[in-house]
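# Secondary and tertiary structure notes
The primary structure of each chain is shown beneath.
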Amino acid sequence: MKPDFALDYSLTFNSVLPWSHFNTAGGKGNRDAASSKLLQEKLSHYLDIVEVNIAQQISLRSEAFFHAMTSQHELQDYLKKTSQAVKMLRDKIAQIDKVMCEGSLHILRLALTRNNCVKIYNKLKLMATVHQTQPTVQVLLSTSEFVGALDLIATTQEVLQQELQGIHSFRHLGSQLCELEKLIDKMMIAEFSTYSHSDLNRPLEDDCQVLEEERLVSLVFGLLKQRKLNFLEMYGEEMIITAKNIIKQCVINKVSQIEEIDTDVVMKLADQMRMLNFPQWFDLLKDIFSKFKIFLQRVKATLNIIHNVVLSVLDKNQRTRELEEISQQKNAAKVNSLDTEVAYLIPEGMFISDAFSEGELAPIVVDTTSQRNASPNSEPCSSDSVSEPECTTDSSSSKEQTSSSATPGGVDIMVSEDMKLTDLELGKLANNIQELLNSASDICHDRAVKFLMSRAKDGFLEKLNSTEFITLSRLMETFILETEQICGRKSMSLLGALQSQANKFVNRFHEERKTKLSLLLDNERWKQADVPAEFQDLVDSISDGKIALPEKKSGEERKPAEVLIVEGQQYAVVGTVLLLIRIILEYCQCVDNIPSVTTDMLTRLSDLLKYFNSRSCQLVLGAGALQVVGLKTITTKNLALSSRCLQLIVHYIPVIRAHFEARLPPKQYNMLRHFDHITKDYHDHIAEISAKLVAIMDSLFDELLSKEYL
């Protein structure tokens, strides 16, 4: 019963038929031979019995055998007919296949093969285009088309990651393009540095405000695209160097025109500049200010171009976000509508819903491809472009991905889609541009201050007379105002230096006049002086409301008058008071010429008036003139003249007060109280003189009356 039962295997055979019992070996050989013969006969008998039983069974079923034989003949006839029918059917099917199906299927196979060939051709064409990327980038870089080169690299990288992913021959191209992109970054930074140097250091006589505007726009776009936002610092450093060079060149040009300056003996440029007299130095300063103004206008024009580029990118970012939001809303609505569509099979073997979905997806594909093609300087449809098969997209969709604006010079700005800068970064950059313009103004003012301080080392500015200092002050104020108009912010350094020099000028101005007044008072003999015609003209001009020194009238010399006529009143005065009135008008005129020193001048003038009052009181009432000028006695005539001089000054104090009040800021009106104090002091002095005169007259009357009665 074993599955591997086999009688031809000796062990199995020996187990079934124990022939070992019939082995002829040994002494029992005859008996064993007889036993084997007996066994053979027994087996033969069994075989005969089996044959007899089989024959008996066959005889019992003979009819069934004969019936099976006849049935077999009929079955063969049926099989033969079936075989003929199958053959006929196969022939018909073969004819149908040949006539109805084979041609159509062949056409379908050809169409599929053609589509595959087109795909392979486009893929090979795309590969050939990608293969030309590096030579094309080199060509673009040779013409400084950095933005176009960067767009081409970005597009190629995108194609390598999508359409050509896994292509073995391009396995190193991605890393090569990354290295090329880093090289372009360095080239752009170097190019911008070169541009800044050439733009700021070109001759200032050139009328062109912006140098190669298209080149500047392209560079700024490239730097923004690569997020190299520190280019403004480079421009700022170049501005500082240029401002220094402007002053240096102006000094060299001016010194070279002066024959009196021996440049071989005086080697330092600063020492050569200090050898200039005021008119020469003033012309030099005027030339420097003029050059600085042109320099600031150029900086402003260049920064305006950069600012417009930044604003264009910022505006494009906002538009892109709006378009993305609208697109997401539309796509969500389309997906919801497609969910409810019923799919019907049309004859072309395509479902209606599939047709709808293809139609809806097409614009999306266009959008993604147009994003790669929308670059400011690249030419996506040329033979050198990367995505040439994509150039068949709808032009309207491509226009949606770029926006254009124009710079003041008329250069169109095309903003590409892949500017990955945030609104915050762009906003900070725009603010930095304005700060850089303000910094340019500060640089010019700082360099001008250093130039002034260099000339003021030997006290040159402090030695200027009023006319020269006023001319210098007006020039500096005009420059400060012009730079404020250009840059939009007032720089304080030059204004502070002007104020400092003005304070020094006021101190010297006041000390000179106070010293002059002191000398006049020390030499005054308090006798009535003749009034020259020019002083009468001066008083008349004040009466007409003009507080200024009148111009000298040419013509016949007019005789001096005995008294000064002021608004119909006669004033007998001493010479010192006439000069004092002139000095007071000099103070008032200085305030008109230098408004920034109004408060200082008011204080100094108050001090001068107080000094005149106190000093005249010491000399006349205090009898100081007896020792100073050697008067024998202080007469009533001296007292009357002193009182009349004080009354003349008191008459003009309200006029002076009104003059200063019109020029003081409202928050400093409290300084006008000085005039009130001075007026009171003068009135007190006049009252004391009157009391002295009355006392003298009393003593005389007493003396006369006593003599009369005696």
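Calculation criteria
- Residues numbered from 1 in each chain as written.
- Predicted model: local features only at pLDDT ≥ 70, side-chain atom pairs only at ≥ 80, totals over all residues.
- Heavy atoms only, no water.
- Helix = DSSP H or I, 4+ residues; strand = E, 2+ residues; numbered from the N terminus.
- Buried < 20%, exposed > 50% of the residue type's maximum accessible area, 1.4 Å probe, protein only.
- Contact = heavy atoms within 4.5 Å.
- Areas by Shrake-Rupley, 256 points an atom, 1.4 Å probe, with all protein chains shown as cover.
- Core = buried A, V, L, I, M, F, W, Y, C linked by side-chain atoms within 4.5 Å.
- Expected span 1.5 Å × (residues − 1).
- Axes fitted to C-alpha atoms, helices over the stretch in contact; angles between N-to-C directions.
- Parallel < 35°, antiparallel > 145°, perpendicular 65-115°, else oblique.
- Nonpolar A, V, L, I, M, F, W, Y, C, P; charged D, E, K, R; others polar.
- pLDDT = per-residue confidence, 0-100.
- Left-handed = near helix turned anticlockwise from the far one by under 90°.
- Salt bridge = Lys/Arg side-chain N within 4 Å of Asp/Glu carboxyl O.
- Phe/Tyr/Trp six-rings, centres within 6.5 Å; stacked < 30°, edge-to-face > 60°.

The subject of this paragraph is the overall build of the protein chain. Broken down by element type, the protein chain carries 21 helices and six strands. Buried residues in the protein chain amount to 37% of all 710 residues. Summarising the internal contacts of the protein chain: among those between residues at least 6 apart in sequence, 78% fall at separations of at least 24. For the protein chain, the computed accessible surface area is about 41900 Å², with 56% contributed by carbon and sulfur atoms.

What follows deals with the nonpolar core. As a rule of thumb, nonpolar side chains are buried together in soluble globular proteins. Core analysis: the largest hydrophobic core is formed by 160 residues, its most contacted members being Trp281, Ile649 and Phe660. In terms of residue count, the dominant contributor to this core is helix α10 (residues 278-339) (19 residues). Apart from residues no more than four positions distant in its own chain, Trp281 is found in contact with Met273, Leu276, Phe451, Leu452, Arg455, Phe460, Leu461 and Leu472.

Now for helix α17 (residues 575-593). For α17, spanning 19 residues, the distance from its first C-alpha to its last is 27 Å, which sits close to the expected 27 Å at 1.5 Å a residue. Here α17 lies mainly inside the structure; 14 of its 19 residues are buried.

At a minimum axis distance of 8 Å, the contact between helix α13 (residues 423-455) and helix α15 (residues 493-523) shows a crossing angle of 30°. In terms of axis orientation, α13 runs roughly parallel to α15. Residue-level contacts link Asp442, His445, Asp446, Ala448, Val449, Leu452 and Met453 of α13 to Ser493, Leu494, Ala497 and Gln501 of α15. By residue class, the composition of the contact of α13 with α15 is six nonpolar, three polar and two charged.

The predicted coordinates should not be examined in detail at positions where pLDDT is low. Of the residues in the protein chain, 83% reach a pLDDT of 70 or more, and the chain-wide mean stands at 79. Here residues 338-403 is a poorly scored stretch, pLDDT under 50, and it has 95 contacts once near neighbours within four places are set aside; other chains count.

Counted at 1.5 Å a residue, the expected span for helix α5 (residues 146-161) with its 16 residues is 22 Å, and the 23 Å between its end C-alpha atoms agrees. For α5, a buried count of 13 out of 16 residues is recorded, marking the element as mostly surrounded by other parts of the structure.

In this section: unusual backbone geometry. One non-glycine residue, Trp526, adopts positive backbone phi at about 55°. Mapping Trp526 onto the fold places it in the loop between α15 and α16 (533-543). Overall, the relative accessible area of 2% leaves Trp526 in the buried class. One non-glycine residue with positive phi stands out, namely Glu567, at about 50°. Relative to the elements of secondary structure, Glu567 occurs in the loop between β5 (564-566) and β6 (569-571). In this structure Glu567 comes out as exposed when scored by relative accessible area, which is 58%.

Turning next to the packing of helix α14 (residues 466-487) against α15. For the pair α14 and α15, the least separation of the axes is 11 Å and the interaxial angle reads 165°. Here α15 runs roughly antiparallel to α14, going by the angle between their axes. For the crossing formed where α14 meets α15, the hand is left-handed. In this structure, α14 uses Ser466, Phe469, Ser473, Met476, Glu477, Phe479 and Ile480 to contact α15, whose residues at the interface are Leu494, Leu495, Leu498, Gln501, Ala502, Phe505, Phe509 and Arg513. Per-class residue counts for the contact of α14 with α15 are 10 nonpolar, three polar and two charged.

Under the counting rule described, the total for this entry stands at 11 salt bridges. With its nearest N and O atoms 2.7 Å apart, the salt bridge here joins Lys291 to Asp287. One end of the pair, Lys291, and the other, Asp287, are both in helix α10, four residues apart, so they sit about a helical turn from each other. Lys680 is the salt-bridge partner of Asp684, the closest N and O atoms lying 3.2 Å from each other. Taken together, the positions of Asp684 and Lys680, both in helix α21 (residues 673-709) and four residues apart, correspond to about one turn of that helix. Judged by relative accessible area, Asp684 falls into the partly exposed class, the value being 34%. Where salt bridges share partners, they join Arg508, Glu512, Arg513 and Glu586 into one cluster.

Take the packing of aromatic side chains next. Considering all chains together, one arrives at 11 aromatic pairs under this definition. When the ring of Phe292 is compared with that of Phe479, the centres are 6.4 Å apart and the planes differ by 35°; the resulting orientation is tilted. Residue Phe292 is found in helix α10, and its partner Phe479 is found in helix α14; the two are separated by 187 residues along the sequence. A residue is classified by how much of its surface remains accessible, and Phe292, at 0% relative accessible area, is buried. Look at Phe479 and you get buried, because its relative accessible area is 2%. Here the aromatic rings of Phe505 and Phe509 are separated by 5.7 Å at their centres, their planes lie at 40°, and the arrangement is tilted. Taken together, the positions of Phe505 and Phe509, both in helix α15 and four residues apart, correspond to about one turn of that helix. Exposure remark for Phe505: the relative accessible area of 1% places this residue in the buried category. A relative accessible area of 2% places Phe509 in the buried class.

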